[in-house]
Amino acid sequence: MTRKIAIALVILPIAVAWAVEPPHPDSPFIESIFPRGGRRGTQLAIEITGKHLAGASAIRVSGQGVSARVRESSDKLVTAEVSIAPDAAVGRRDLRIISPRGSFVQVFEVGNLPEELEREPNDHWEEAPLVRFPTVINGKVTAKDYDHFRVKVRAAQVITFDLNSSRNGTRFDGFLSLLDLEGNEIAAQDDYYFDKDPRLVHRFAEEGEYVLRVMGFREAGSNSSDYRLTVGDMPSASHVFPAGGRRGSTVEMELTGVNLNKVDGVVLGQGPATAEVVDRSPGRARVKLEIPPEAAKGPHPLWLASEAGELPNPLVFSVSDVREVARPRYTGFRIHPPVVINGVIDRNGAVDSFELVARAGETYSFDGAGMSLGNFLDPAILIYDSDDNLVAYLDDTAPNAFDKEPPSVDFHLTHTFERAGSYRVLLRDAGKRGNPTFVYRLTVQQAQPDFELRVLTNQTTLRKGKPVSLRVRVRRIGGWNTPVDVWIDNLPQGIASRTMTAAPVNTRVRGTFGEDFFVDGSNVELPLEALSDALPGRWPLVVRGRGVLGGRVVEHTASVDYPWQKTGFIRGFTHEQQIVLTLAEPENISNERENVAAVASQ
Amino acid sequence: MRIGLLLAVSALPLSIANAEIGFVDDIAPILTRKGCSGSNCHGSVRGKNGFKLSLFNSDTEEDFKEILSNDDGRRVNWEQLEQSLILRKPSFQMTHGGGVRFAVDSSEYRTILEWLASGAPYRVPGRPELRNLEVSPAETILEGPETEQRLTVMGIYSDGSRRDLSRTVNYAAQEETVATVDDSGKVTARARGESAIMVRMPGLAAVARIAVITEAPSADYPRVPRNNLIDELVFDKLRKLGIVASDLADDEVFIRRVYLDTIGVLPTPEETNRFLASRDPDKRGKLIDHLLDRPEYAQLWAAVMADLFQVGWGTGLKGGYQLFGWLRGSLAENKPYDRLVRELLMGSGPFVYTPTPNFFVGLMQGPEGMATQFSQAVLGVRLECAKCHDHPFERWSRDDYFGLAAFFSRLERKEEPYGRFEHTVAIRPDHKPVYDYLNNKELKHPETGEYVRAKFLGGGYAEDGPGEDPRPKLAEWLSRADNPYFARAIVNRIWKHYMGRGLVEGVDDFRITNPPSNEALLGALAGYFIEGQFDLRHLMRLILKSRAYQLSAEPNETNRDDTINYSRFYLKRLMSEVLFDAMGQVAGKRLKIPGSPPGEKAISVAVGSGNYFMKTFGKSEFRDVICERDHQPTVTQAMQLISGETVHELLTSPGNLIDKLLERKELSEEERLRTIYVSAYARPPTSAERTTILGLLRDADMDQRKAVYQDVLWAIFNSKEFVYVH
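Student: Pulling in residues and values, what's your account of the overall build of chain B?
Tutor: When helices and strands are counted, chain B shows 28 helices and 17 strands. Seen through its principal axes, chain B has C-alpha atoms that stretch 110 × 70 × 45 Å. The burial tally for chain B puts 58% of its 726 residues in the buried class.

In structure tokens:
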């Protein structure tokens with residue numbers, strides 16, 4: 001009998017009893033890292049707070065050029081030293097804390113600008129210390145706490161105050177106010193980004209000193225509410241158009257924002273794309289970007305660069321491998337798939353219209369991206385036949401998913417055209433809103449049935465006698481409609497699992513009031529159990545999936561997502577792209593009973 | 001049965017069988033006039049003794065069935081018509097809880113009998129439909145009790161014809177202590193005052209206003225200056241009523257009043273002193289212009305409108321903050337009101353990140369919820385009744401209700417597409433003619449079963465193409481000439497804010513049977529507002545610069561009982577936020593409000609009651625209904641002022657005004673006292689006040705003096721003069 005069959009015989013009857021297992025309650029959990037970033041070419045001390053951190057033996061930071069060493073650890077606190085190489089790439093990294101009980105990932109940011117720590121007392125505007133910009137201030141806002149910072153500005157100077165907290169994995173809902181020296185509010189900003197981080201851009205009419213106040217919305221805050229506040233008159237863009245291009249091509253893009261007369265170029269991802277500034281003015285800059293042919297498909301951060309190097313808060317730039325078109329408006333534009341159409345829904349009521357000629361039975365997929373480009377467009381697609389009948393309409397692929405899922409209002413439509421003919425395709429905002437920042441990308445191609453695999457966590461801890469499961473999402477695209485088998489490819493010695501099959505039915509989740517929500521795909525739970533001969537340790541896991549459609553076998557390796565609502569509200573692919581399985585020591589449970597009251601029976 | 005009817009009919013004299021009597025035009029009015037379908041009889045919710053009529057016969061079809069068909073048709077004896085219950089009961093030929101409604105030999109009895117004899121038709125074929133009622137005189141002033149006036153009621157029909165219905169309609173007096181009316185339309189004055197006489201036919205109503213005065217205006221009636229059209233119309237009416245307006249309020253009263261009403265803050269002592277010392281004959285006008293330009297104006301009116309638009313209810317805290325900030329910004333830039341509402345009406349997108357979709361509070365109940373909200377908040381009409389039945393004595397029908405709902409039928413409230421509590425208003429394309437996306441059903445008329453069509457309130461249908469969002473048509477209608485509601489509704493609200501009483505009370509209850517106290521004035525103000533391009537400050541300037549606004553609150557012999565004609569200024573209790581901020585301003589200490597940064601004023605709190613003090617004085621926690629704040633005094637409010645934490649904190653906080661005044665050694669006690677009084681009342685202490693308080697301060701040590709000043713401030717906070725705008 002092969003080992004696999006033996007394992008299966010053991011597992012099969014047990015699998016029925018397996019339900020979804022949450023992470024072990026005493027696995028490490030990071031609530032805050034402070035400071036949550038640093039400048040390259042520096043060393044800094046950080047404090048990691050959370051739970052079950054005792055015994056943390058190592059800290060691993062994804063990517064090149066950043067290393068960390070644990071100095072001390074206790075249940076709620078780990079202190080560490082971080083070294084950032086002078087040539088470390090800027091951006092967000094995964095910081096994984098490792099202990100015998102498991103691991104946990106939070107994020108850490110590498111920047112280019114000078115950095116400083118918040119200095120208390122600064123609770124009152126009269127106590128606000130003067131800060132020189134550009135700078136990144138690392139601070140914390142506890143409940144009912146206020147942090148004030150004073151800046152000295154020139155007349156007509158435009159300063160950006162960007163608070164990064166929720167985007168960095170906290171649950172802090174920050175609020176920025178700009179005050180004069182009498183404490184009167186001049187301007188305020190609450191939610192600029194999806195994650196509720198604020199960004200206040202202000203043009204100062206008069207020279208002088210002003211105070212920026214950081215607080216939590218409705219005075220919320222905690223010891224985990226760390227933030228990085230970028231202050232400066234550096235270039236800052238609200239959007240770019242087009243927001244993508246084909247690899248191997250040169251794209252001329254237009255940036256819109258402030259202080260763009262100081263922009264030197266843009267950096268795509270980690271480089272080495274070549275960018276040339278064509279012209280620039282304070283509010284706009286045109287840049288030519290050569291996208292390397294080997295650039296990976298999908299979204300990349302697009303950094304603005306100035307004399308200081310790459311600047312914080314990159315935009316999103318998406319790379320494809322099909323023909324691309326970019327125009328500000330479309331009226332009856334003839335679509336020749338495959339194509340990516342870049343457009344802008346620039347004013348209320350605006351609708352872009354296209355023409356698609358289809359043959360009977362042809363199936364096309366339409367992917368509308370707005371939110372995934374970082375803006376508040378809520379794209380909706382409508383398709384009318386030549387008799388003006390509405391044959392397809394889609395707003396959200398998985399509507400009303402409540403908080404079970406990372407939110408997305410972008411759509412993926414797969415439509416089979418029953419009749420041959422010319423069809424009118426419209427794209428608009430679901431609420432018929434419009435705004436110059438509502439940049440979109442519409443990808444139209446003949447449907448290629450396929451599936452995506454995503455593991456919805458980047459770590460799990462196992463103990464003998466306490467099996468767990470790994471949740472994997474199988475997302476069907478282009479009309480894929482057959483089952484997909486999913487399994488863990490590289491099981492370590494003594495760890496057992498089994499293949500699970502995702503039926504082609506979207507998973508239904510019950511809401512608080514018994515209502516049904518459907519996720520965009522099917523969830524499978526891959527069981528994991530430690531066998532008797534398993535030894536404590538730590539291993540990376542690889543998850544794979546296979547499906548067959550129309551005789552074609554398709555296999556994929558799963559990507560790794562941040563666990564939703566565990567790393568704050570960070571969503572999407574992890575930087576590290578690794579799932580770490582920890583087999584922890586068994587718990588020591590004492591069987592001694594002390595001070596037990598004896599109940600005398602009569 | 002019908003054969004029996006024919007035989008019965010043929011046996012009757014020809015004079016009885018009358019084919020010209022129909023239920024709608026002839027019988028239903030009898031039932032209305034004689035009180036059969038009143039709310040305390042068969043028109044009540046459950047009817048009486050198993051016989052249920054619609055209230056005031058508003059639903060003649062149902063009443064027709066009730067009399068002739070329901071309960072196996074037992075109310076009509078076709079064999080012997082005169083034995084029908086419908087005749088015997090109201091003529092008290094058998095036991096009837098309602099007593100005698102008409103005699104056997106009355107015209108009403110004969111009419112019903114003839115109607116039955118002629119086959120009891122619902123309508124007489126070819127007869128025009130009654131469309132409207134006109135009462136004349138529409139306004140009457142009766143001099144002295146027992147004086148009389150007969151009303152004439154003309155019915156206007158669908159073919160343009162007119163008919164005297166004076167003997168057919170139902171009359172009811174609003175205030176019988178002032179005037180009564182009999183079945184023939186004769187009005188008899190009873191006591192001084194004002195009232196309305198309601199005139200009803202099934203589904204229609206009209207009103208005549210009656211004023212009773214005790215003596216005609218004397219020849220010595222004083223001539224008072226009139227500053228603008230408001231004064232013309234207010235004082236004209238007062239003259240007719242023989243009421244003499246109070247004198248003009250003095251400058252001390254005026255400055256405090258206009259500051260609080262316009263910008264929600266007290267004048268500082270410096271501002272007060274400068275104003276009082278000024279000899280500029282136009283200083284009041286200039287002050288008004290200045291205040292309307294102050295940034296606090298937008299702050300105050302954002303708070304007022306936040307109640308109207310239910311800011312924060314059902315859209316979450318963040319959405320509430322968004323909309324509140326947007327309102328403040330719109331008011332600061334003096335956005336015309338029609339544009340402001342239009343932008344709200346056209347809002348869409350996520351509540352948290354976009355201000356205007358937070359207007360769609362009612363969308364939680366679907367398009368019908370929006371019909372209720374929009375009609376009440378924007379048009380000043382309570383349309384809710386018409387959801388279930390045609391309004392009994394107003395013109396609103398279910399067609400109107402559902403027609404208004406249809407304007408919102410393309411909207412979808414998306415639940416949390418951006419995350420928890422982050423709802424969005426989206427617009428669906430047309431795949432059904434009209435759809436209620438919330439309740440997942442087609443929006444059809446509950447009676448006809450047909451798809452509802454978007455219909456302007458009291459007007460025609462909107463042209464609506466498939467897939468179109470009909471809201472732009474509704475938005476455009478707001479400022480159209482055929483919309484008699486929009487301008488009047490907001491003008492009335494603003495008028496009430498300044499004058500203490502709406503021309504129509506309640507401000508969201510415009511209806512035929514709730515007429516304005518001065519229709520000419522309301523119409524003129526609405527016209528002024530429209531001509532002024534819906535400029536809010538333009539309207540407010542007119543009101544503030546009128547003499548009527550600037551009258552003293554002190555009554556005289558002639559106007560002591562007047563509560564509706566603006567012959568004097570009517571006291572108003574300060575809005576809770578304004579009161580809280582005013583107390584802080586006087587005490588020199590702005591108390592911290594939970595959830596808000598230190599120093600933030602209560603008037604800036606977008607959502608939530610702020611604190612217990614404000615909640616006690618009427619600030620809504622949730623704004624879950626559109627209603628005016630209740631400013632009736634309560635024991636809890638009194639206790640808050642007497643011994644509440646807020647007052648205590650203000651009086652004892654280190655560094656407050658008392659501390660600051662005592663630190664200034666160069667000031668005399670008289671100067672300190674004057675500063676406190678001028679801060680609070682915009683006037684110095686009277687000689688009696690001064691004598692009493694200075695007496696307590698004489699020979700007092702520092703602690704004792706502080707205690708005296710704390711007591712003074714406490715007494716001020718507990719005075720009506722402080723808590724009210726007067």
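Student: An account of the overall build of chain A is needed here, citing residue identities and associated values.
Tutor: A count of helices and strands for chain A gives one helix and 50 strands. In terms of overall dimensions, chain A has C-alpha extents of about 85 × 70 × 55 Å along its principal axes. When the 602 residues of chain A are sorted by exposure, 54% land in the buried category. Intrachain contacts of chain A at a sequence separation of at least 6 include 69% that bridge at least 24 residues. Accessible surface, chain A: about 26100 Å² in total, of which carbon and sulfur atoms supply 50%. Charged side chains of chain A number 68 positive and 78 negative; the gap between the two group centres comes to 4 Å.

Student: I'd like a description of the interface of chain B and chain A, backed by residues and values.
Tutor: Interface size is commonly expressed as the accessible area that is lost once the parts come together. The interface of chain B with chain A comprises 35 residues on the first partner and 35 residues on the second. Where chain B abuts chain A, roughly 2800 Å² becomes buried across the two surfaces, and 53% of that area is made up of carbon and sulfur atoms. Three residues, K318, Y353 and Y418 of chain B, lead the burial of chain B against chain A; their summed loss comes to 24% of the area buried on that side. At the junction of chain B and chain A, the tally comes to seven salt bridges. Residue K318 of chain B pairs with D190 of chain A through a salt bridge whose shortest N-O separation is 3.0 Å. Summed over the shared surface of chain B and chain A, the number is 15 residue pairs in polar contact (both at pLDDT 80 or more).

Student: Break down the pairing of strand 40 (residues 484-488) of chain A for me, citing the residues and quoting the values.
Tutor: Residues and elements named next belong to chain A. Counting buried positions along strand 40 gives four out of five residues, so the element sits mostly inside the fold. Note: strand 40 against strand 42 (residues 500-502), three bridges, orientation antiparallel. Residue V486 lies in a different strand from strand 42, and its bridge partner there is M500.

Student: Outline the nonpolar core, supporting the account with residue identities and numerical values.
Tutor: In this structure, Y337, F717 and F722 of chain B are the most contacted members of the largest nonpolar core, which totals 156 residues. It is helix 11 (residues 295-308) of chain B that provides the largest number of residues to this core, a total of nine residues. Leaving out residues up to four positions away in the same chain, Y337 of chain B has contacts with M305, L308, F309, F486, I490, F529, F534 and L536 of chain B. Membership of the second largest hydrophobic core comes to 35 residues, among which are I335, Y364, L442 and V444 of chain A.

Student: If you had to explain unusual backbone geometry to someone new, which residues and values would you point to?
Tutor: Residue and element names in this part refer to chain A. Between F34 and the following residue, P35, the backbone shows a cis peptide bond with an omega angle of -5°. The residue P35 is located in the loop between strand 1 (29-34) and strand 2 (37-39) in this model. Omega for the bond connecting F241 with P242 falls within 30 degrees of zero, at -5°, which places this linkage in the cis form. Relative to the helices and strands, P242 resides in the loop between strand 18 (236-241) and strand 19 (244-246). With a phi close to 70°, A156 is a non-glycine residue in the positive phi region. Take A156: it is sitting in the loop between strand 11 (146-153) and strand 12 (158-164).

Student: Please provide a residue-by-residue account of the packing of aromatic side chains, values included.
Tutor: Residue and element names in this part refer to chain B. A full pass over the atoms with the stated rule returns 41 aromatic pairs over all chains. When the centroid spacing of 5.8 Å and the interplanar angle of 85° are considered together, the rings of Y549 and F569 count as edge-to-face. Taken together, the residues Y549 in the loop between helix 19 (536-544) and strand 16 (572-573) and F569 in the loop between helix 19 and strand 16 connect sequence positions 20 residues apart. Here F569 falls in the buried class, since its relative accessible area comes to 2%. Feature note: the residues F309, F359, F360, F374 and F408 constitute an aromatic cluster, connected by ring pairs. For K720, the ring lying beneath its charged end belongs to Y724, and the centroid distance is 5.9 Å.

Student: Can you tell me about the sheet that holds strand 12 of chain A, naming the residues and giving the values?
Tutor: Residues and elements named next belong to chain A. The five strands are arranged 9-10-17-12-15 in an open sheet whose pairing can be described as mixed. On the outer flanks of this sheet lie strand 9 (115-117) and strand 15 (199-203), each paired with one strand and no other. When strand polarity is set aside, the average angle formed by the axes of neighbouring strands in this sheet is 20°. Sheet analysis places strand 12 next to strand 17 (residues 226-232), joined by five bridges and oriented antiparallel. The residue bridging F161 from the neighbouring strand is V231, located in strand 17.

Student: Summarise the pattern of salt bridges; cite the residues concerned and give the values.
Tutor: Counted according to the given criterion, the structure contains 100 salt bridges over all chains. With a shortest N-O distance of 2.6 Å, K318 of chain B and D173 of chain A are connected by a salt bridge. In this pair, K318 of chain B is assigned in helix 12 (residues 316-332) and D173 of chain A in the loop between strand 12 and strand 13 (174-179), connecting two distinct chains. The class for D173 of chain A is buried, based on a relative accessible area of 16%. Residue K34 of chain B is joined to E108 of chain B by a salt bridge in which the shortest nitrogen-to-oxygen separation is 3.8 Å.

Student: Residues and numbers for the sheet that holds strand 18 of chain A, please.
Tutor: Residues and elements named next belong to chain A. In space, the four strands of this open sheet follow the order 18-20-23-22, with antiparallel pairing throughout. Each end of this open sheet is capped by a strand with a single partner; those strands are strand 18 and strand 22 (274-280). Mean inter-strand twist for the sheet, computed between neighbouring axes without regard to direction, equals 30°. Relative to strand 23 (residues 284-290), strand 22 is paired through six bridges, and the arrangement is antiparallel. Residue pairing in the sheet places E276 in a bridge with K288 of strand 23.

Student: So what about the pairing of strand 23 of chain A? Which residues, and what values?
Tutor: All names here are of chain A. Taking every second residue as pointing to the same face, the buried face of strand 23 carries A285, V287 and L289, while none of R284, R286, K288 and E290 on the other face is buried. Inspection of the sheet shows strand 20 (residues 250-258) paired to strand 23 by seven bridges, in the antiparallel sense. Bridge pairing links V251 to L289 in strand 23. Once strand 22 ends, the chain turns through three residues before running back antiparallel as strand 23.

Student: Provide a residue-level description of the environment of M614 of chain B, including the pertinent values.
Tutor: Residues and elements named next belong to chain B. By the secondary structure assignment, M614 is in helix 21 (residues 612-616). Sequence spacing of M614 and V578 is 36 residues, and the spatial spacing of their C-alpha atoms is 9.4 Å. With near-sequence residues (within four places) excluded, M614 lies in contact with S576, E577, F580, I593, A602, S609 and K619.

Parameters at a glance
- Residues numbered from 1 in each chain as written.
- Chains lettered and ligands numbered in written order.
- Predicted model: local features only at pLDDT ≥ 70, side-chain atom pairs only at ≥ 80, totals over all residues.
- Heavy atoms only, no water.
- Helix = DSSP H or I, 4+ residues; strand = E, 2+ residues; numbered from the N terminus.
- Buried < 20%, exposed > 50% of the residue type's maximum accessible area, 1.4 Å probe, protein only.
- Contact = heavy atoms within 4.5 Å.
- Areas by Shrake-Rupley, 256 points an atom, 1.4 Å probe, with all protein chains shown as cover.
- Lys, Arg positive; Asp, Glu negative; His and termini not counted.
- Charge placed at Lys NZ, Arg CZ, Asp CG, Glu CD.
- Buried area = accessible area lost by both parts, 1.4 Å probe.
- Salt bridge = Lys/Arg side-chain N within 4 Å of Asp/Glu carboxyl O.
- Polar contact = N/O pair within 3.5 Å; in protein donor to acceptor, adjacent residues only side chain to side chain.
- Pairing = 2+ DSSP bridges.
- Core = buried A, V, L, I, M, F, W, Y, C linked by side-chain atoms within 4.5 Å.
- Phe/Tyr/Trp six-rings, centres within 6.5 Å; stacked < 30°, edge-to-face > 60°.
- Lys NZ or Arg CZ within 6 Å of the ring centre and 35° of its normal.
- Axes fitted to C-alpha atoms, helices over the stretch in contact; angles between N-to-C directions.

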